[in-house]
Amino acid sequence: MPTTPPDLPVITVVQAPACHFCDDAKHALAALAEQTPLLVRVVDIDSDAGRALVAEHRPAMNPLVLLDGRYFSSGRLPRRKLAKALEGRTG
C-alpha cells in the first residue's frame, strides 16, 4: 500500500450525493493538484468514514473539507483561503 510523503498536504472532501458544491470542490481541487503537490481524498458522506467525520466536525453544509485532518471549510470551497493555507504550509 503506497504511503503519503509526510510533507504532502492531504485534503479530504466528504461529499454528499447530488451536491453541486461537492462537484465544484472536486473539480477545483483536481485543477489545483495539477499545479501544487497535494493528495485529495474523497469520502462519501454515507460511508462509515464519512459519517464519523461529519459527526466529529458537524459541518453546516456539504462538502466538509479537511486540510491535513483538520476542519477547513464546509459548503462552497474558498479557493483563495485554501491557496493561502497551502502557501503558508509550504512556504
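This section reports on the structure supplied with the text. Bear in mind the structure is a predicted one, so any value in this text is a computation, not a measurement.

1. Some points on the nonpolar core
Ranked by size, the top nonpolar core spans 13 residues in total, and within it Ile11, Leu29, Leu32, Phe72, Leu77, Leu82 and Leu86 carry the most contacts. Among the elements of the structure, strand E1 (10–15), helix H1 (20–35), strand E3 (64–67) and helix H3 (79–90) are those that each provide at least two residues to this core. Among the elements that take part in this core, H1 stands out by supplying four residues, more than any other. Leu29 has contacts with Ile11, Val13, Val40, Leu77 and Leu82, leaving out every residue within four places of it along the chain. By size, the runner-up hydrophobic cluster in this structure holds 10 residues, among which are Ala16, Ile45, Leu64 and Leu66.

2. Focus on the state of the cysteines
The final tally for this structure, using the stated rule, is one disulfide. Paired through a disulfide, Cys19 and Cys22 show a sulfur-sulfur distance of 2.4 Å. Across the disulfide from Cys19 to Cys22, rotation about the S-S bond amounts to roughly 80°, and the bridge is consequently right-handed. Side by side, Cys19 and Cys22 carry an identical accessibility label, which is buried.

3. Description of unusual backbone geometry
Residues Asn62 and Pro63 are joined by a peptide bond in cis, for which omega reads 0°. Inspection of the secondary structure puts Pro63 in the loop between helix H2 (48–57) and E3. For Arg58, which is not glycine, the phi torsion reads 45° and is therefore positive. Tracing the sequence through the fold places Arg58 in the loop between H2 and E3. Residue class for Arg58 comes out exposed when judged on its relative accessible area of 68%.

4. Describing the pairing of E3
Covered by surrounding structure in E3 are Leu64 and Leu66 together with Val65 and Leu67, the residues of both alternating faces. Direction of pairing for E1 relative to E3: antiparallel, over a ladder of four bridges. Looking across to E3, one finds that Thr12 is bridged to Leu66. Taken together, the four bridges between E3 and strand E4 (residues 70–74) define a ladder with antiparallel strand orientation.

Conventions we followed
- Residues numbered from 1 in each chain as written.
- Predicted model: local features only at pLDDT ≥ 70, side-chain atom pairs only at ≥ 80, totals over all residues.
- Heavy atoms only, no water.
- Core = buried A, V, L, I, M, F, W, Y, C linked by side-chain atoms within 4.5 Å.
- Buried < 20%, exposed > 50% of the residue type's maximum accessible area, 1.4 Å probe, protein only.
- Helix = DSSP H or I, 4+ residues; strand = E, 2+ residues; numbered from the N terminus.
- Contact = heavy atoms within 4.5 Å.
- Disulfide = S-S within 2.5 Å.
- Pairing = 2+ DSSP bridges.

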